[in-house]
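# Examining the three-dimensional arrangement
These are the residues of each chain, in order.
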Amino acid sequence: MTPAQFSELMIRLLDHGVLCRDESKKEAELYDRYLQIPELVEDYLSVLHIRLHHERRFTALRLFPPGAEIPGESDLDDGFNSGLRNRLSQQEVALILVLRAEYDKSLRDGQIDEHGQATLPLEAINLASKNLLGRPLPEGRTERDALFRRLRQLRLIRSAGDGNLEDSESWLIIRPDITSLVTDTVLAQLLGDDNKPASNDDAEDETDAEEKE
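Note that the coordinates shown come from a computational prediction; the quantities given were computed from them, not determined experimentally.

Each helix and strand in the chain was counted, giving nine helices and six strands. Across the 213 residues of the chain, 42% fall into the buried class. In the chain, 60% of the contacts between residues at least 6 apart in sequence involve partners at least 24 apart. Per element, the accessible surface of the chain, about 12000 Å² overall, is 46% carbon and sulfur.

Right, dumping it as structure tokens:
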């Protein structure tokens, strides 16, 4: 690997904060490049106190700034103010919480595909937002488009088929990386103590059981 290729990989990782192999041909190329030199990439990031979460099952990489909580990993108190954190609007945070809750529901119902993704109609997301947060998704097209575009940039959702998420009949795909941004603890607080979140381990156990059958 040339220095230029390594530089391209690191710039893309630091700029986007996430790589998903199934997102595009370019991201597949960069992800495969990472697999050649994972120790070098992680050593480079460790100097910056940035942690890399590698979701091997779903071929995805996500960076976390110093002090961020990563599900399944011990917390590190680095004493940083986390200037690298994404600044999310209230609407973005609200939608991410709703998507996490709907993803957990799909886990419970076994409605997860082989890539760990959940496919739901946009109307179901809108209804969930009303039930959980007491408000629907933005009605304005410009505002709604900007909201979904931001979550696509974070590699949390994608459009299903040829849908463009412009009307209530559209479908969207929730990526499994949603669990990296909203922990089970936060989800439990949102849903209430009586609704314990389903974990990815539960989903894996169900998958294993189906394979044995």
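On we go from here.
In terms of nonpolar packing, the biggest core is built from 23 residues, with Leu-95, Leu-99, Ile-125, Leu-172 and Ile-174 touching the most fellow members. Listing elements by their share of this core, those giving two or more residues are α4 (90-109), β4 (118-121), α5 (122-133), α6 (141-153) and β6 (171-174). Looking at this core, the element that brings in the most residues is α4, giving seven residues. Non-local contacts of Leu-95, meaning those with residues more than four positions away in its chain, are made with Ile-125, Leu-137, Leu-147, Phe-148 and Leu-151.

The next subject is unusual backbone geometry. Positive phi, close to 60°, is recorded for His-49, a residue that is not glycine. Along the chain, the position of His-49 falls in the loop between α3 (38-47) and β2 (51-55). One non-glycine residue, Thr-59, lies in positive phi territory at about 45°. With respect to the helices, strands and loops of the structure, Thr-59 is situated in the loop between β2 and β3 (60-64). Judged by its relative accessible area of 25%, Thr-59 is partly exposed.

This paragraph deals with α4. A rise of 1.5 Å per residue sets the reference length of α4, with its 20 residues, at 28 Å; its end C-alpha atoms lie 29 Å apart and thus fit the reference within 8%. Taken across its 20 residues, α4 has 14 buried, putting it largely inside the fold. Looking one or two residues beyond α4, the residue adopting positive phi is Gly-110, at roughly 70°.

What counts as what
- Residues numbered from 1 in each chain as written.
- Predicted model: local features only at pLDDT ≥ 70, side-chain atom pairs only at ≥ 80, totals over all residues.
- Heavy atoms only, no water.
- Helix = DSSP H or I, 4+ residues; strand = E, 2+ residues; numbered from the N terminus.
- Buried < 20%, exposed > 50% of the residue type's maximum accessible area, 1.4 Å probe, protein only.
- Contact = heavy atoms within 4.5 Å.
- Areas by Shrake-Rupley, 256 points an atom, 1.4 Å probe, with all protein chains shown as cover.
- Core = buried A, V, L, I, M, F, W, Y, C linked by side-chain atoms within 4.5 Å.
- Expected span 1.5 Å × (residues − 1).

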